[in-house]
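A closer look at the structure
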Amino acid sequence: MMAADAGATVLETNDSDPMKPDKAKTKFDVIIIGAGPSGYTAGIYCSRAGYDTLILSGILPGGQLVNTTEVENYPGFENGIMGPDLMIDMRKQSQRMGTTIIDDEAVDVDFRRSPFKVLTSSEEYEGRAVIIATGANPRKMGLAGEQTFAGKGVSYCATCDGPFFRNQEIVVVGGGDSAIEEATFLTKFGTTVHIIHRRDELRASKVMQERAFNNEKIKIHWDSAVTDIKGDQKMQQVIIKNLKTNEESTINAGGLFVAIGHEPNTKLFKGQIDLDDEGYVVLKNKTHTNIEGVFAAGDVHDRSYRQAITAAGYGCMAAIDVDKYLTESADKKE
Ligand code: NAP
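Quick caveat: nothing in here was measured; it's all calculated off a predicted structure.

**Details of the sheet that holds strand S17 (residues 253-258)**
- Spatial ordering of the open sheet is given by S10-S17-S11-S12-S13, a layout of 5 strands whose pairing is parallel. With partners counted over all chains shown, the strands left at the sheet margins are strand S10 (154-155) and strand S13 (218-221), one partner each.
- Both strand S11 (residues 169-173) and S17 contribute to a ladder of 5 bridges, which runs parallel. Residue pairing in the sheet places Glu169 in a bridge with Ala253 of S17.
- Each of S11, strand S12 (193-196), S13 and S17 touches helix H5 (residues 177-186); the most contacted strand, S11, lies at about 170° to it.

Laid out in structure tokens, this is it:
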């Protein structure tokens, strides 16, 4: 897939959905917050298991895949599939199983007691179980060209987009494990992989650093920052500046991979759900959070894999854990 930037594509909304949701209904067995691969997969599994399931999709449903072009690494599509098309199919599949999807944003939650409450600006929903599937967004550099060339050279996922830049120069920004892992992976495709790091030492673990230092295709530009991205239809040049000498130079690169961390979408849950110091949901056991009956799936807790297929896998796991939880809760009541 060629990953583009946030907010580029809008999935069809309920107005064009074949099955319009009953907006007056507010009580559900399961509420899933978020509509990326993990949310939709959880919806498919929960609904298929017979649970009355609501997905609150947010204002821009579909997650990060809505902002990609071709997805080549999601199994089942011999010739690849466009990211937005994959998400529309997942949405329709979930609806066909009976999931109610409301394109509104959760603005508050109350997980103090079951049934749990999830509030939008206009409605209060209740669920006996909740799956948090709000995902994460790659951190941006904040340059104008980053937006302009998103999906046309600028990417946030080497695994997804590396193969598009065979025999070209490639730039990677960042000095953490992700940047080094991505740069090392990208040496399979690029002629030279330039790492642009703002300091004179890497944050990445020693073993990863050694990997980069020993790879003759990797060139590290210390104390440097990307200041501009240029091109025509596609990105062609990355302008970098040495922050100590102010000297500028140009790299004629086809691909620019930004690997400066991710920001999980968890502000809503602060104070109720255990989060680590970077805001990722901390799982207690499997997909269980610190609150019994509240589960998490996908990039909102997973900082390692971050693939559509792994997010979908986590969505399936969370739904199976919800089923077990609701069955055991019902058994206790009898
Ligand atoms: P990270 O460890 O937070 O590193 C982010 C890097 O980006 C840092 O080098 C940082 O520079 C730089 N950076 C941050 N904001 C920037 C900006 N605005 N402009 C330029 N550079 C900026 O993030 P990560 O590499 O994504 O890793 C996240 C976590 O996942 C880490 O705990 C990591 O160990 C783990 N991880 C592990 C593996 C593995 O073990 N295989 C692979 C990937 C990730 P400074 O160093 O100057 O702060």
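**A closer look at the site of the ligand**
- Lining the immediate surroundings of the ligand are 14 residues, of which Asp177, Ser178, Glu181, Arg199 and Arg203 lie closest.
- At 2.7 Å, a side-chain N or O of Ser178 approaches an oxygen atom of the ligand.
- In this structure, Glu181 approaches the ligand through a side-chain N or O atom, which is 2.8 Å from a nitrogen atom.
- Protein chains shield 73% of the accessible area of the ligand, which is 920 Å² for the free molecule.
- Considered class by class, the residues forming the shell around the ligand number 1 nonpolar, 6 polar and 7 charged.

**Concerning the environment of Arg128**
- The topology assignment puts Arg128 in strand S8 (residues 124-132).
- Expressed as a C-alpha distance, the spacing of Arg128 and Lys117, which sit 11 residues apart in the sequence, is 9.0 Å.
- Setting aside its immediate chain neighbours within four residues, Arg128 contacts Phe28, Asp29, Tyr51, Ser114, Phe116, Gly293, Tyr325 and Leu326.

**Focus on the packing of aromatic side chains**
- Summed over the entire model, instances satisfying the criterion amount to 8 aromatic pairs.
- Both rings, one in Phe213 and one in Trp222, keep their centres 6.4 Å apart while their planes meet at 50°; by these two values the pair is tilted.
- Judged by relative accessible area, which is 42%, Phe213 ranks as partly exposed.
- By relative accessible area, which is 30% here, Trp222 ends up partly exposed.
- Residues Phe295 and Tyr325 carry aromatic rings whose centres are separated by 5.9 Å and whose planes lie at 65° to one another, so their mutual orientation is edge-to-face. With a gap of 30 residues between them, Phe295 in strand S19 (residues 294-296) and Tyr325 in helix H7 (residues 308-333) connect regions that are remote in the sequence.
- Taking the relative accessible area as the measure of exposure, Phe295 reaches 0% and is therefore buried.
- A relative accessible area of 14% places Tyr325 in the buried class.
- An aromatic cluster of at least three residues, connected via ring pairs, comprises Phe111, Phe116 and Phe269.
- Its end group placed over the ring of Tyr156, Lys140 keeps NZ or CZ at 5.5 Å from the ring centre.

Calculation notes
- Residues numbered from 1 in each chain as written.
- Predicted model: local features only at pLDDT ≥ 70, side-chain atom pairs only at ≥ 80, totals over all residues.
- Heavy atoms only, no water.
- Pairing = 2+ DSSP bridges.
- Helix = DSSP H or I, 4+ residues; strand = E, 2+ residues; numbered from the N terminus.
- Contact = heavy atoms within 4.5 Å.
- Axes fitted to C-alpha atoms, helices over the stretch in contact; angles between N-to-C directions.
- Near = heavy atom within 4 Å.
- Polar contact = N/O pair within 3.5 Å; in protein donor to acceptor, adjacent residues only side chain to side chain.
- Areas by Shrake-Rupley, 256 points an atom, 1.4 Å probe, with all protein chains shown as cover.
- Nonpolar A, V, L, I, M, F, W, Y, C, P; charged D, E, K, R; others polar.
- Phe/Tyr/Trp six-rings, centres within 6.5 Å; stacked < 30°, edge-to-face > 60°.
- Buried < 20%, exposed > 50% of the residue type's maximum accessible area, 1.4 Å probe, protein only.
- Lys NZ or Arg CZ within 6 Å of the ring centre and 35° of its normal.

All we've got here are geometric facts, nothing functional implied.
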